[in-house]
4 protein chains.
Amino acid sequence: MVKTAIIGVSGYAGGELARLLARHPETELTFLSSESNAGKPLAAAFPGLSGTRAGSLVCEHGDLSRASAIADLIFLAQENGAAMKSAPVLLADGKKVIDISADFRLRSPDAYSTWYKMPHTAPRLLESAVYGLPETNRDAIRRASLIANPGCHVTAATLALAPLLAHRMIETRGIIIDSKTGVSGAGRTKTDLIYRFSEANESMKTYGVGGTHRHIPEIEQTLGQVAGEPVTVTFTPHLAPMTRGILATCYARLADGFTDATVRAALTDYFAGHPFVIVREAGDSPSTKDVAGSNFCHLASAVDRRTGMVIVTSVIDNLVKGAAGQAVQNMNLMLGLPETAGLEGGGWWP
Amino acid sequence: MVKTAIIGVSGYAGGELARLLARHPETELTFLSSESNAGKPLAAAFPGLSGTRAGSLVCEHGDLSRASAIADLIFLAQENGAAMKSAPVLLADGKKVIDISADFRLRSPDAYSTWYKMPHTAPRLLESAVYGLPETNRDAIRRASLIANPGCHVTAATLALAPLLAHRMIETRGIIIDSKTGVSGAGRTKTDLIYRFSEANESMKTYGVGGTHRHIPEIEQTLGQVAGEPVTVTFTPHLAPMTRGILATCYARLADGFTDATVRAALTDYFAGHPFVIVREAGDSPSTKDVAGSNFCHLASAVDRRTGMVIVTSVIDNLVKGAAGQAVQNMNLMLGLPETAGLEGGGWWP
Amino acid sequence: MVKTAIIGVSGYAGGELARLLARHPETELTFLSSESNAGKPLAAAFPGLSGTRAGSLVCEHGDLSRASAIADLIFLAQENGAAMKSAPVLLADGKKVIDISADFRLRSPDAYSTWYKMPHTAPRLLESAVYGLPETNRDAIRRASLIANPGCHVTAATLALAPLLAHRMIETRGIIIDSKTGVSGAGRTKTDLIYRFSEANESMKTYGVGGTHRHIPEIEQTLGQVAGEPVTVTFTPHLAPMTRGILATCYARLADGFTDATVRAALTDYFAGHPFVIVREAGDSPSTKDVAGSNFCHLASAVDRRTGMVIVTSVIDNLVKGAAGQAVQNMNLMLGLPETAGLEGGGWWP
Amino acid sequence: MVKTAIIGVSGYAGGELARLLARHPETELTFLSSESNAGKPLAAAFPGLSGTRAGSLVCEHGDLSRASAIADLIFLAQENGAAMKSAPVLLADGKKVIDISADFRLRSPDAYSTWYKMPHTAPRLLESAVYGLPETNRDAIRRASLIANPGCHVTAATLALAPLLAHRMIETRGIIIDSKTGVSGAGRTKTDLIYRFSEANESMKTYGVGGTHRHIPEIEQTLGQVAGEPVTVTFTPHLAPMTRGILATCYARLADGFTDATVRAALTDYFAGHPFVIVREAGDSPSTKDVAGSNFCHLASAVDRRTGMVIVTSVIDNLVKGAAGQAVQNMNLMLGLPETAGLEGGGWWP
C-alpha cells in the first residue's frame, strides 16, 4: 500500500481528494494537514465524511517533515505560492509530489511572475515538473516525481481543442473559449459578496474578460505544444449559479475539407485508449450534470456550415476531472496502477 | 385611458405582461384570454397577483371579436403560428397589435417557413409589420400598427453588437454569440425532462449548436440592416440553472485603430437617449441579477489586445426586456406615451 | 410630498425599501446613508437600480442631523443597537421614525437585554414605540411617532396564529412554529461559510433550535396580547436554499367543536378589511413563490382530525412583508395615506 | 458473487441503485429492466454512468422470467401496485426480493387499500414481508426473503423518534413531524408544473397537509411497534428547492425528568452498533448537505425547557438512506455480508 498525504485538506479540492482517496483500493491516506482544522477530525470540515475512516483522521498542522516521514506521495492543495516552497523539501526527501496549485504549471518563471504577480522561488523545478494532463502527456506523467495538476477551465478547454489542433483541422488564431464554472471553483475561503448565496443565486456573469485570466497562458502553453506552433485564445470565464461543473464552449475556424463527421472522428481517434473522455453522439448536448461527481469529460462537436466554425463543447466536474480526480489519475500513472483505480463508477444523478 | 388586451395570458410572457400592465399609469388592462384558465381569475394562473385588480380579472376563451370589441391595443402572447391568423382580423378592426411570438419577425416568408417549419399564411403583413427593437427602430415603431416583438436572445445580442457594426468597428464575419438563458425562456408548457427541477438544477448545457436555432436569422436580419451589408453569426444558446435572465457574451474581431475607450464610447454614443440601455464602467462585469425584473439591458465591453478581439457582454431579463417589458416599451412608443411609462423603478435585489 | 430618508440603505432591507419608496406615489426619497457606500450612487450597491432616479441618489455617511434637516420620516435599517441611539435624536427633532431593527420590538428592556445581550439605552421609548404589525395594531400605528417594524419570522407566524388565539380556537400551550427562511434573511454582511453559495445550495438546516432564537419573545408578546393570556411557542427557524421567502408551518391543538370550515372562517373574518392577507381556498398549498416581491401574506389552514391538530401555513416575502414592505405599509398608516400606496401590483412570477 | 437485477431502473431510485450496486464488492449487477429505455444502455438514461460497466448494461423489457433466470436477488423499483404482482412470481422461483415501492410496507391490506386507493392483490405476502429499516428490524431482515423498503420521509422521521419512544421519554400523543424533501422525491416521471425548474426554484411549500400523506400509516406502524402502544403523528411534507435531501424536524412533549443530556444519551445508546446513524454533538445543526450521496442519517436533539418540548432533527439523502442505499443495506443483511458493503466512503461536499 502506497501511503499518501494531503497538505491543505480543508479546501474543496483537498476535501474531494480525501473523498476519492478514501475509497482508493491500492493506496492509504495517512496524513492530513489543515491550518484551520488542525487538531480536529476531517469530518469537522466535511460532515459528509462522518462515520467513515477518512472522516476520523485528525488534521495536523502543515508540518512537512511529518508528512514526509509518514507518506510516500504528497498532494499539495494549498494557495498559489505555497507549493514552490514545499515541493523542493519533499522531493529532496525522495517523495513524489502532486501539486494542485498553479505553481508548477507554466514552464517559464517569467510567465509565472507576470500572471501570478509574485516571483517564482523554485524555477529549477519548472524544468522537471510534468504537466499532469494524462490525455496529452501520459508517458511523461508515468516517469514524473513532481506533477503540476492542471487548472479546471484549462482541462475542459484543452481536451476540447487539442485533437483539432493535433489534426490541423482548425486555425490557430481566433480561437474563442467561453467557459462557465460553478461557484465551488472559487474555493472555500473567499468571502466576497459575489460568492454568497443571495448574490450568486439567479445570477450569471463573467469575470476576467479581455485576456486577463491566469488560465490563459496555461491553455496556450499546452495547445501550442500540441499544435507545434504558437496558439492564442480569447478566453472568458463565467460564474454560473451552480455548485459544481464546468462547461467550456469552444469556437474555432474549421480548415477546408473537414466536416461534422471528420471532426467527430478526430475527437474519437485522439481519445482512443483514454478512459475518462467520452465523445458524445452527433447532436448530443452534454450537460455538467452528466459528469457531476465523476472524473469524466464529455465532448460534443458541431460544425456550423453557414459560418465555417466548429463548436466543441466540453463538460467536467471542476472538483474531480478539474482538480482532485485528475490528481488521483496522475497518481495512478505515477505509481503504475490502473489509470482508473479509485475513480470507477461514474457520477451521481440527479 | 387606452384599453389593452392580452391573448394567451397564462404563459410566462403573458403573465409578465399582466404584471407590468397592471401598474401602467396610462392604459387599462381590460381583456385576458387563456385556454387553460378560461373562466378563472388571473390569480389562479399567477398566485402572486392574488389580491390585486389584475389578479381578479377573469380569463376568457380566445375570442378575438370580444377582444376587439373591448380593447384598443392587443398583445398576442401565443405559440408561433397563432398570430398570423389573429393579427389580420384585429388589424382589420383598426386595432393596434403587438405580437410576442415569432410570426412577424422575419421579413421573408421563405425564411419563416425554412426556420419555423410551417408556411406563413399572412405574408403581406410582413411588409407592414415593424420590428420592435426600440433602440434600433424607434421611429418606425411610433408609426406602426403591428409590432413584431423581438426574441429574447436576439435582444441581448443585437444590443451588444449593433453599435459596433454601425460604427464599422468590427468585422462582419466571424462574430460569435455565446448566449445563456434561464429556464423560463422555454416557456410554461413544455414538459421535457430537461426543464424539471431535478434535471435542470446544477446543470449547464447547450441546446441548438451549430447554426440551428431560430433566433439566428432574426439576429442576422437586424445586424445586417445596421451594418448595411450581410452579417453572419455563430450563435450558441445555453440553458443555465436559473429562472430568469440572459447573458450574451459576444465576440468579434476589432478593426484596426480601435481601443477599449473608443469601443466603450461607441456604445455610449449609440444608446444616448435610449433610457433602457446602461453602458457599464470599464472593468465591470454585468450580472443577470443586475437586471432581474427590470426592462434594462446592461452592456460592458473589453478588448483583448493579445488576440485583437472585442468582447461585449449583455444582460437582460428574458421575460422583461426580452419579452413583456419590451412589448410595453413598444406600446408606449405606438401610443405616444413616455417610453418608460409603467417600466420605471428598476429591478429587485437580491 | 412627504420626504423620507433611509439610514443604512446598503443592506437587503434598506435596498428593498429604496426599491419600494422609489415608486411610491405620495412620498419622496430624499436622503440615503450607508457607511460602506458613502459617496457613491445607490446603484453602486444595487445595480438593479441603475438608470433610475433612486439609483442615482448618492449615499452619505450616517449623519442624523442631515437626515433630520431634509426628511420628515426616517427609516432606520441598521444593525440591532443602533436605532436606540438614533431614534431619540430624530424624535426630538419632531420626526417620525420607523425602525427595521429589533431595538423597539420588545416592551420590556430586561427582555431586550436578555435576548439581545446588550442593555437597552432608551428604555423610555419602549413605552411610546408602537409595534408595527398593521393586521393586529392598525389604529395605534396611525397615531405613532416611532414604529418597531416586526421581525420576518414573527410576521409570518403571528399572522397565522393570531386569529385562532383571538377566537379561542386553539390551546395556548404546545404551539409549534416550524419556520423556513431564504438566505437573504441573514442580511448582506455576514460572511459565514453557511451563507456562501456552495454551502447553502442543496442544503436545508435548522439554526437556533430549542427556544434560543430572538424572535421567540416577540412572537409570544404579540400572541399573548391577542390571546389575553400568556402564550408560549416552540419555534424552530430553518435555512432553505432560496434567496427570498418565509414559510411558517404552525401547529396547535384545536379546541373542541371547531372544524376546517370554522377555522377558515375565523381566518377570513379576522383579516376582513386587511388588504395584504389572503386566506387561500381549502386544500391550497401556498408557496413562497406566491408572494415573491409582494407585500402579501397567504394563509391556508387544515385540521388533522386524526390528531386534533390544526395546521396553518403562512408565506411571506421576508424582505417585503417581513421587512421593507411592512415598513412602507406602516408609513402609509402613519401618514394617513391609503394603506396600499406604493405596494400595489402583486409579485413576480416565476 | 450474488447476482442482482433491478426492475424499473430508469427512475431516480433505480438509477441510484445502479450507481451503488456498480461499485458493490460482493454482488454483480446482471439484469436491468426499463420500459422507457428498453434496448438502450443504462447510460442513455443516466449519462453520468457513461464509460462505466454499469452504464453499458442494456436495459430490457420488464420480463420477470428473464430476471429470475439470471439473478438471485431482485430489486423492484416500480410504481406502487406493480410489486404485488411481481413479487409472488419471483419468490415462487426462490428469489430474494427487495421492493422499493410501498406495496409491502403496511401490514394491513385494508390500510393499504385505504391509503393507496387500490386493493392489495397479494395480502398473504404482507405476513412474511419484512419491513426494511435495519436500525429497528435488523434481525428479521437477515432472515427475510421479501423486504419492504421504507419510505423516504418515514426513514428520516422514524430514526428520530424511535429511540425516544423506546425509552418512554416522550408522550405518544401530540407528535409533530415537519418534513422537507428535495424535488427528486417526486420521482422522475411526474410532469406537474410544480416540479419544473421555473416553478420549483425559489419556492417552498407544503403538500399533503392535515393527515393526508401516505407515509403517515407507515410511520405510525413502526413507531407503534417500538412504543408498544398506538402512536399518532401529525405529519406535514414540504417541497424544498433542492434536488436531494430530507430534513425532518420532529417535535414531542418530553416526559418528566429528562434533559438534553439524557435525550442525547438515549439516541446514542439506541444506535450503538448501527453504522449509518450519527448522533451529532449538542448544539449541532445537521444539514441535508451533510448526507448528500451517503447512506447516513444524522440526528441532533434539543430540549426547549421553556415549553417542555424536545426537538429532534434528522437528515438523510432521500435517494440513498431514503431509498436505494437502504435497499443495499438490506441486501447486505439478507446475504450475510457486512452491513456497510458498497456503502462506504461517505458523501460528497459541496
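Residues numbered from 1 in each chain as written. Chains lettered and ligands numbered in written order. Predicted model: local features only at pLDDT ≥ 70, side-chain atom pairs only at ≥ 80, totals over all residues. Heavy atoms only, no water.

**Q** What's the story with the packing of aromatic side chains in this structure? I'm lost.
**A** To describe a pair of aromatic rings, you give the distance between the ring centres and the angle between the ring planes. Residues and elements named next belong to chain A. Counted under the stated rule, the structure contains 16 aromatic pairs over all chains. Taken together, a centroid distance of 5.4 Å and an interplanar angle of 75° make the contact between Phe276 and Phe296 edge-to-face. With Phe276 in the loop between helix 12 (260-270) and strand 11 (277-279) and Phe296 in the loop between strand 11 and strand 12 (297-304), this residue pair connects regions lying 20 residues apart in the sequence. This pair shows no difference in class: Phe276 is buried, exactly as Phe296 is. The ring of Trp349 is capped by Lys289, whose NZ or CZ atom sits 5.9 Å from the centre of that ring. (Phe/Tyr/Trp six-rings, centres within 6.5 Å; stacked < 30°, edge-to-face > 60°. Helix = DSSP H or I, 4+ residues; strand = E, 2+ residues; numbered from the N terminus. Buried < 20%, exposed > 50% of the residue type's maximum accessible area, 1.4 Å probe, protein only. Lys NZ or Arg CZ within 6 Å of the ring centre and 35° of its normal.)

**Q** Is there a simple way to think about the environment of Val58 of chain D in this case?
**A** Checked against the element boundaries, Val58 of chain D lands in the loop between helix 3 (53-56) and helix 4 (64-70). In contact with Val58 of chain D, not counting residues within four places along its chain, are Leu32, Gly39, Lys40 and Pro41 of chain D. (Contact = heavy atoms within 4.5 Å.)

**Q** What is the right way to read the interface of chain B and chain A from this model?
**A** The figure often quoted for interface size is the accessible area lost as the parts come together. Counting residues at the interface gives 50 residues for chain B and 50 residues for chain A. For the pair chain B and chain A, the summed buried area comes to about 4000 Å², and 53% of that belongs to carbon and sulfur atoms. The three residues of chain B that bury the most area against chain A are Glu202, Met204 and Arg306 of chain B, which together make up 17% of that side's buried surface. The interface formed by chain B and chain A holds four salt bridges in total. Measuring nitrogen to oxygen at the nearest pair gives 3.0 Å for the salt bridge that ties Lys180 of chain B to Asp178 of chain A. Taken together, the links from chain B to chain A amount to 34 residue pairs in polar contact (both at pLDDT 80 or more). Sorting the residues of the side of chain B that touches chain A by element identifies strand 7 (175-181), helix 10 (197-200), strand 8 (205-206), helix 11 (215-227), strand 9 (233-239), strand 10 (246-253), strand 12 (297-304) and strand 13 (309-316) of chain B as the ones contributing at least two each. Classifying every residue of the side of chain B that touches chain A gives 20 nonpolar, 18 polar and twelve charged. (Buried area = accessible area lost by both parts, 1.4 Å probe. Salt bridge = Lys/Arg side-chain N within 4 Å of Asp/Glu carboxyl O. Polar contact = N/O pair within 3.5 Å; in protein donor to acceptor, adjacent residues only side chain to side chain. Nonpolar A, V, L, I, M, F, W, Y, C, P; charged D, E, K, R; others polar.)

**Q** What am I meant to see in the sheet that holds strand 3 (residues 73-76) of chain C here?
**A** Residue and element names in this part refer to chain C. With respect to topology, six strands assemble into an open sheet ordered 2-1-3-4-6-5, the strand pairing being parallel. In this open sheet, the two strands that pair with only one neighbour each are strand 2 (27-33) and strand 5 (130-131). As paired strands, strand 1 (residues 2-7) and strand 3 are joined by four bridges and run parallel to one another. Within strand 3, the position partnered with Ala5 by the bridge is Ile74. This element, helix 1 (residues 12-22), spans strand 1, strand 2 and strand 3 of the sheet and lies at about 160° to strand 1. (Pairing = 2+ DSSP bridges. Axes fitted to C-alpha atoms, helices over the stretch in contact; angles between N-to-C directions.)

**Q** Before we go on, may I ask you to explain the pairing of strand 1 (residues 2-7) of chain A in this structure?
**A** On a regular strand, each side chain points to the face opposite its neighbour's, so the side chains alternate between the two faces of the sheet. Residues and elements named next belong to chain A. By the bridge criterion, six bridges tie strand 1 to strand 2 (residues 27-33) in an arrangement that is parallel. Within the sheet, the bridge partner assigned to Thr4 lies in strand 2 and is Leu29. What joins strand 1 to strand 2 is helix 1 (residues 12-22), and the crossover it makes is right-handed. (Right-handed = clockwise from strand over helix to strand, strands pointing away.)

**Q** I'm lost on the interface of chain D and chain B in this one. Help?
**A** Taken residue by residue, the interface counts 18 residues in chain D and 18 residues in chain B. Counting the surface lost from both chain D and chain B, the interface buries some 1500 Å², and carbon and sulfur atoms represent 51% of this. Of all residues in chain D, Arg196, Phe197 and Ser198 of chain D bury the most surface against chain B, accounting for 43% of the area lost on that side. Taken together, chain D and chain B are joined by two salt bridges. A salt bridge links Arg188 of chain D to Glu199 of chain B, with the shortest nitrogen-to-oxygen separation between them at 2.9 Å. The tally of links between chain D and chain B comes to 14 residue pairs in polar contact (both at pLDDT 80 or more). Take the side of chain D that touches chain B: its biggest share by element is four residues, from helix 10 (residues 197-200) of chain D. The residue inventory of the side of chain D that touches chain B, partitioned by class, reads eight nonpolar, six polar and four charged.

**Q** What is the right way to read the relation of the copies chain B and chain A from this model?
**A** A rotation about some axis, followed by a shift along it, carries one copy of the chain onto the other. Structural alignment of chain B on chain A gives an RMSD of 0.0 Å, achieved by rotating through 180° and translating 0.0 Å along the axis. Taken together, the rotation angle and the small translation identify this as a two-fold axis. Across chain B, the rotation axis passes nearest the C-alpha of Pro241 of chain B, at a separation of 3.2 Å. Most of the interface of chain B is mirrored in chain A, where 100% of its interface residues again form contacts. (Least-squares fit on C-alpha atoms with pLDDT ≥ 70 in both.)

**Q** What is the right way to look at helix 13 (residues 320-334) of chain B in this model?
**A** Along an α-helix, a turn takes 3.6 residues, which lines up residues three or four apart on a common side. Residues and elements named next belong to chain B. Spanning 15 residues, helix 13 covers only 18 Å between terminal C-alpha atoms, well under the ideal 21 Å at 1.5 Å per step. Of all 15 residues that make up helix 13, 15 are buried, and the element is covered over most of its length. Following helix 13 by one or two positions, Gly336 has its phi on the positive side, about 75°. (Expected span 1.5 Å × (residues − 1).)

**Q** Help me understand the environment of Arg280 of chain B, please; the structure alone is not making it clear to me.
**A** Tracing the chain through its elements places Arg280 of chain B in the loop between strand 11 (277-279) and strand 12. What makes Arg280 of chain B buried here is its relative accessible area of 12%. Residues Arg280 of chain B and Gly342 of chain B, spaced 62 residues apart in sequence, show a C-alpha to C-alpha distance of 24 Å. Excluding residues within four positions of it along the chain, Arg280 of chain B makes contact with Arg264, Ser285, Pro286, Asp290, His298, Leu299 and Ala300 of chain B together with Pro47 of chain C. Within the local environment of Arg280 of chain B, its side chain forms a polar contact with the side chain of Asp284 of chain B, the two groups lying 2.9 Å apart.

**Q** Even after reading the chapter, I still don't get the pairing of strand 10 (residues 246-253) of chain D, so can you show me in this structure?
**A** Residue and element names in this part refer to chain D. Summarising burial for strand 10: eight of the eight residues are buried, a large majority. Judged by which residues are buried, strand 10 turns out to be covered on both faces: Ile246, Ala248, Cys250 and Ala252 on one side and Leu247, Thr249, Tyr251 and Arg253 on the other are all buried. Sheet analysis places strand 7 (residues 175-181) next to strand 10, joined by six bridges and oriented antiparallel. From the neighbouring strand, Lys180 faces strand 10, where its bridge partner is Leu247. In this sheet, strand 13 (residues 309-316) lies alongside strand 10 in antiparallel orientation, the contact comprising eight bridges.

**Q** Got a minute to help me understand the relation of the copies chain D and chain B in this structure?
**A** If you rotate chain D by 180° and push it 0.0 Å along the axis, it lands on chain B with an RMSD of 0.0 Å. With an isologous cut-off of 70% or more, the 100% of interface residues of chain D that recur at the interface of chain B puts this contact in the isologous class.

**Q** Would you mind going over the packing of helix 8 (residues 134-142) of chain B against helix 13 of chain B with me for this structure?
**A** The description of two helices packed together rests on the angle between their axes and the distance between the axes. Residue and element names in this part refer to chain B. Running from N to C, helix 8 and helix 13 cross one another at 40°; their axes reach a closest spacing of 9 Å. Crossing geometry of helix 8 relative to helix 13 is assigned as right-handed. Where helix 8 approaches helix 13, its residues Pro134, Glu135, Arg138, Ile141 and Arg142 are matched on the opposing element by Lys321, Gln326, Gln329, Asn330, Leu333 and Met334. Taken together, the residues that form the contact of helix 8 with helix 13 break down as four nonpolar, three polar and four charged. (Left-handed = near helix turned anticlockwise from the far one by under 90°.)

**Q** Honestly, helix 12 (residues 260-270) of chain C in this entry has me stumped. Any pointers?
**A** Residues and elements named next belong to chain C. All of the buried residues along helix 12 are Val263, Ala266, Leu267 and Tyr270. The arc that holds every buried residue of helix 12, seen down its axis, measures 95°, which confines them to one face. For helix 12, the exposed residues lying more than 90 degrees away from the buried face are Ala261 and Asp269. Residues of helix 12 that are buried in the fold lie against helix 8 (134-142), helix 9 (152-166), helix 11 (215-227), strand 11 (277-279), strand 12 (297-304) and strand 13 (309-316). (Arc of directions from axis to C-beta.)

**Q** Whenever I open this one, unusual backbone geometry confuses me. Can you help?
**A** Among all residues save glycine, negative phi is the norm, and among peptide bonds the norm is trans. Cis geometry marks the peptide bond from Trp349 of chain A to Pro350 of chain A; its omega dihedral reads 0°. Mapped onto the fold, Pro350 of chain A is located in the segment after helix 13 (320-334). Despite not being glycine, Arg168 of chain A has its phi angle at roughly 50°, a positive value. Mapped onto the elements, Arg168 of chain A comes out in the loop between helix 9 (152-166) and strand 7 (175-181). Phi angles above zero are rare outside glycine, and Lys117 of chain B is one such case at about 60°. Of note, Lys117 of chain B is situated in the loop between helix 6 (109-116) and helix 7 (123-128).

**Q** Explain the sheet that holds strand 5 (residues 130-131) of chain B to me, please; I cannot follow it from the model alone.
**A** Either a parallel or an antiparallel arrangement is found when strands of a sheet pair, and the pairing is made through backbone hydrogen bonds. Residue and element names in this part refer to chain B. Pairing within the open sheet is parallel, and its six strands lie in the order 2-1-3-4-6-5. Sheet topology places strand 2 (27-33) and strand 5 at the edges, where each strand pairs with a single neighbour. With two bridges joining them, strand 5 and strand 6 (residues 146-148) adopt parallel strand pairing. In the strand pairing of strand 6, Val130 is matched with Ile147. On top of the sheet, helix 5 (residues 83-92) reaches strand 3 (73-76), strand 4 (96-99) and strand 6; it is set at about 175° to strand 3, its chief contact.

**Q** Would you explain the packing of helix 9 (residues 152-166) of chain B against helix 11 of chain B in this entry?
**A** Residue and element names in this part refer to chain B. For the pair helix 9 and helix 11, the least separation of the axes is 9 Å and the interaxial angle reads 25°. Considered as vectors, helix 9 and helix 11 are oriented roughly parallel to each other. As helix 9 runs across helix 11, the sense of the crossing is right-handed. Within the contact between the two elements, helix 9 uses Cys152, His153, Val154, Ala157, Thr158, Leu161, Ala162, Leu165 and Ala166 and helix 11 uses His215, Glu218, Ile219, Thr222, Leu223, Val226 and Ala227. Its residues placed into classes, the contact of helix 9 with helix 11 shows eleven nonpolar, four polar and one charged. (Parallel < 35°, antiparallel > 145°, perpendicular 65-115°, else oblique.)

Function-wise, these values are silent; they only describe arrangement.
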